Amino acid sequence: MAGNDLGSLLGGLLGGGGKGGQGAGAGDILGALLGALDGGGGGAQAGGGNNPLGGLMDMLTRSGLADQAQSWIGTGENQPVSGPQIADALPDDALRKAADQAGVSPEQAADEIARSLPQAVDRLSPGGSIPSGSLEDIIRAQNL
């Protein structure tokens, strides 16, 4: 339940070497979202456990974004997604909670999630599938 820790880890994953500030902000929003989904997104985390990423991908798939979500997991080109598509796919309470924690509006949070989620999922699924285990452990393994 360490949302700040998860946000820092995701920021490092997204920021790489050059864009630390932007990656950190995106990481904070994604960390807050995944924390909201993990801690009480309302049954949306199918098989979630310590890794709410699978539940998030299931939500996107059920919301008509299966092709985009699969492109991020697969080895090909990552298809884009828009902020409004993300907002429609996520539970309102989870998006609002993530936005509140990040200090932005829900619309700004959805736009940032749309920009950063494809890259984050792509980096967290190098083998072409969502790995099992703790999300924090998966991120730490990718940062090595």
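Residues numbered from 1 in each chain as written. Predicted model: local features only at pLDDT ≥ 70, side-chain atom pairs only at ≥ 80, totals over all residues. Heavy atoms only, no water.

## Details of the confidence of the model for the protein
The following threshold applies: The pLDDT score gives, residue by residue, the confidence of the prediction method on a 0 to 100 scale. Numbering goes from the N terminus for both helices and strands, where a helix is a DSSP run of H or I of at least four residues and a strand is a run of E of at least two. Any two residues having at least one pair of non-hydrogen atoms within 4.5 Å are treated as being in contact.
Scored by pLDDT, the protein comes out at a mean of 80, with 80% of its residues at no less than 70. Helix 1 (residues 3-15) is the least confidently modelled element of the protein, averaging 70 in pLDDT, while helix 4 (residues 83-89) averages 96, the highest of any element. In this model residues 16-21 is a low-confidence stretch, pLDDT under 50, and it forms one contact with partners more than four residues away in sequence or in other chains. A low-confidence stretch, residues 40-49 stays under pLDDT 50, and its non-local contacts, those more than four residues away or across chains, total 12 contacts.

## Quick look at the packing of helix 3 (residues 53-73) against helix 6 (residues 106-124)
This is how it is decided: Between the N-to-C directions of two axes lies an angle of 0 to 180 degrees, each axis being a line fitted to C-alpha atoms and, for a helix, fitted only over the stretch in contact. For classification purposes, angles smaller than 35 degrees are called roughly parallel, those larger than 145 roughly antiparallel, those between 65 and 115 roughly perpendicular, and all remaining angles oblique. Note on residue classes: Ala, Val, Leu, Ile, Met, Phe, Trp, Tyr, Cys and Pro are nonpolar, Asp, Glu, Lys and Arg are charged, and everything else, Gly too, is polar.
At a closest axis distance of 12 Å, the pairing of helix 3 and helix 6 adopts a crossing angle of 95°. Considered as vectors, helix 3 and helix 6 are oriented roughly perpendicular to each other. The segment helix 3 lies against helix 6, with Leu53, Leu56, Met57, Leu60, Trp72 and Ile73 engaging Leu117, Pro118, Val121, Asp122 and Leu124. Of the residues assigned to the contact of helix 3 with helix 6, the class counts are 10 nonpolar, no polar and one charged.

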